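Architecture and fold: a report
Now for the letters of each chain:
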Amino acid sequence: MTLYDIIAELRREHQTAAASKTLDLVMIELGKTRDNLRSALANLEGQTLPPGGREILKELETRAERVGLDDLDYPAVEMAGYKPPLEPVPEGTWGIALILGGTSLVIVILAVAAIVAGVKSATGH
């Protein structure tokens, strides 16, 4: 069982708009606290909750404590930046890159020439 299973159970048991809004607020806070329910509930302490929201939060906290999911501590995820390729780039790749780049350059030059010719013929010069 996960913390999100408990929240899903509470959603099924309390099918009101107020309960849904309260549990949505918890889910938002769990995203900010890396699934630490204690921190999420602490963040919600000063906020205005829908009617009956405090009772639902208390029930969530009780159920999570019962199964040991109330104070999870996941490490922060470190996003890896650019990593160089594991293998060196073969020399043949440079030739392909030059051919593709040259072809693109020729297409751009021809497009500019066509535009210039079109403008000259339209203006009569």
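See the structure above.
The rules behind the values
- Here, residues in each chain are numbered from 1, in the same order as that chain's written sequence.
- Selection of residues for local features in this predicted model requires a pLDDT of at least 70, selection of side-chain atom pairs for listing and counting requires 80 or more, and totals for whole chains, interfaces and linings are taken over all residues.
- Note that the side-chain values use all heavy atoms of the structure and ignore hydrogens as well as water.
- What we call a nonpolar core is a set of buried Ala, Val, Leu, Ile, Met, Phe, Trp, Tyr and Cys residues that are connected through their side-chain atoms within 4.5 Å.
- A simple rule labels every residue: compare its accessible area, found with a 1.4 Å probe on the protein chains alone, to the largest value its type can have, and call it buried under 20%, exposed over 50%, or partly exposed in between.
- A run of H or I in DSSP counts as a helix once it spans at least four residues, and a run of E counts as a strand once it spans at least two, with each numbered from the N terminus.
- In what follows, residue pairs with any heavy atoms lying within 4.5 Å of each other are defined as contacts.
- Each reported salt bridge corresponds to a side-chain nitrogen of Lys or Arg within 4 Å of a carboxyl oxygen of Asp or Glu.

1. Some thoughts on the nonpolar core
- The biggest cluster of nonpolar side chains holds 20 residues, and the ones touching the most others in it are Leu-3, Val-26, Leu-30, Leu-37 and Leu-60.
- Secondary structure elements with two or more residues in this core: helix 1 (3-13), helix 2 (17-32), helix 3 (37-44) and helix 4 (53-66).
- In terms of residues, this core owes the most to one element, helix 2, which gives five residues.
- Residues in contact with Val-26, not counting those within four places in the same chain, are Ile-7, Leu-37, Leu-44, Leu-57 and Leu-60.

2. Details of the pattern of salt bridges
- Under the defined criterion, the tally for this structure stands at eight salt bridges.
- Between Lys-32 and Glu-29 there is a salt bridge, with its nearest N and O atoms 3.5 Å apart. In this pair, Lys-32 and Glu-29 are both assigned in helix 2, three residues apart and thus about one turn of the helix distant.
- Relative accessible area serves as the criterion here: at 59%, Lys-32 is assigned to the exposed category.
- Measuring nitrogen to oxygen at the nearest pair gives 2.9 Å for the salt bridge that ties Asp-70 to Arg-38. Residue Asp-70 is found in the loop between helix 4 and helix 5 (92-123), and its partner Arg-38 is found in helix 3; the two are separated by 32 residues along the sequence.
- Taken together, the salt bridges that share partners define one network made up of Glu-9, Glu-13, Glu-59 and Arg-63.

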